[in-house]
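This is what each chain is made of:
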Amino acid sequence: DGGWLASAAAAGLAHSSGTVEPEPHALLPSVNPAFTLLLTLALNAPVLAAVWARPSRRPFGDALCLVSLAAFLAGWHVHEKAIL
């Protein structure tokens, strides 16, 4: 007996196999990658414009945090959102 891991491998399952196929949502609408790219750019535009207008160290750090948050929230392929 190889245990549950051997039986899962024999069945073609693995804990790290990770499916990449598009999955239809039951409750939320399906969103395409082009829309999320435009949404991410739109969310980042005010922050980037403010940093471009007055560049300095403190606003750059704040902008980096805000841009990262916008990329996480509006990004198309973020694995961490699956657990939310």
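Residues numbered from 1 in each chain as written. Predicted model: local features only at pLDDT ≥ 70, side-chain atom pairs only at ≥ 80, totals over all residues. Heavy atoms only, no water.

1. Quick word on the overall build of the chain
Logical step 1: Scanning the chain for helices and strands turns up 3 helices and 0 strands.
Logical step 2: Tracing the chain from N to C terminus, the helices and strands come up as α-α-α.
Logical step 3: Buried residues in the chain amount to 13% of all 84 residues.
Logical step 4: Nonlocal contacts in the chain, meaning residues at least 24 apart in sequence, comprise 42% of its contacts between residues at least 6 apart. (Helix = DSSP H or I, 4+ residues; strand = E, 2+ residues; numbered from the N terminus. Buried < 20%, exposed > 50% of the residue type's maximum accessible area, 1.4 Å probe, protein only. Contact = heavy atoms within 4.5 Å.)

2. Some thoughts on the side chain of T40
Logical step 1: Its place among the elements puts T40 in helix α2 (residues 33-53).
Logical step 2: For T40, the residues in contact, after removing those within four places along its chain, are A70, A71, A74 and G75.

3. Quick word on a nonpolar patch on the surface
Logical step 1: A cluster of nonpolar side chains, V31, F35, L39 and L43, forms an exposed patch at the surface whose accessible area comes to about 340 Å².
Logical step 2: Considering the arrangement of structural elements, one finds L43 in helix α2.
Logical step 3: Residue L43 is classed as partly exposed on the basis of its relative accessible area, which comes to 42%. (Patch = residues over 30% accessible without salt bridge, like charges linked within 9 Å, V, L, I, M, F, W, Y side chains within 5 Å. Areas by Shrake-Rupley, 256 points an atom, 1.4 Å probe, with all protein chains shown as cover. Salt bridge = Lys/Arg side-chain N within 4 Å of Asp/Glu carboxyl O.)

4. Some points on helix α3 (residues 57-74)
Logical step 1: The terminal C-alpha atoms of α3 lie 26 Å apart, and with 18 residues this matches the ideal 26 Å at 1.5 Å per residue to within 8%.
Logical step 2: Among all positions of α3, only A63, A70 and A74 are buried. Down the axis of α3, the buried set is contained in an arc of 25°. They therefore lie on one face. With respect to the buried face of α3, the exposed residues turned more than 90 degrees away are R57, R58 and C65.
Logical step 3: Next to the buried residues of α3 lie α2. (Expected span 1.5 Å × (residues − 1). Arc of directions from axis to C-beta.)

5. Topic: the environment of N32
Logical step 1: Within the element layout of this structure, N32 appears in the loop between α1 (3-10) and α2.
Logical step 2: Under the relative-accessibility criterion, N32 is labelled partly exposed at 45%.
Logical step 3: Here the alpha-carbon distance between N32 and W76, two residues 44 residues apart in the chain, equals 7.6 Å.
Logical step 4: One polar contact links the side chain of N32 to the main-chain amide nitrogen of F35, over a distance of 2.9 Å. (Polar contact = N/O pair within 3.5 Å; in protein donor to acceptor, adjacent residues only side chain to side chain.)

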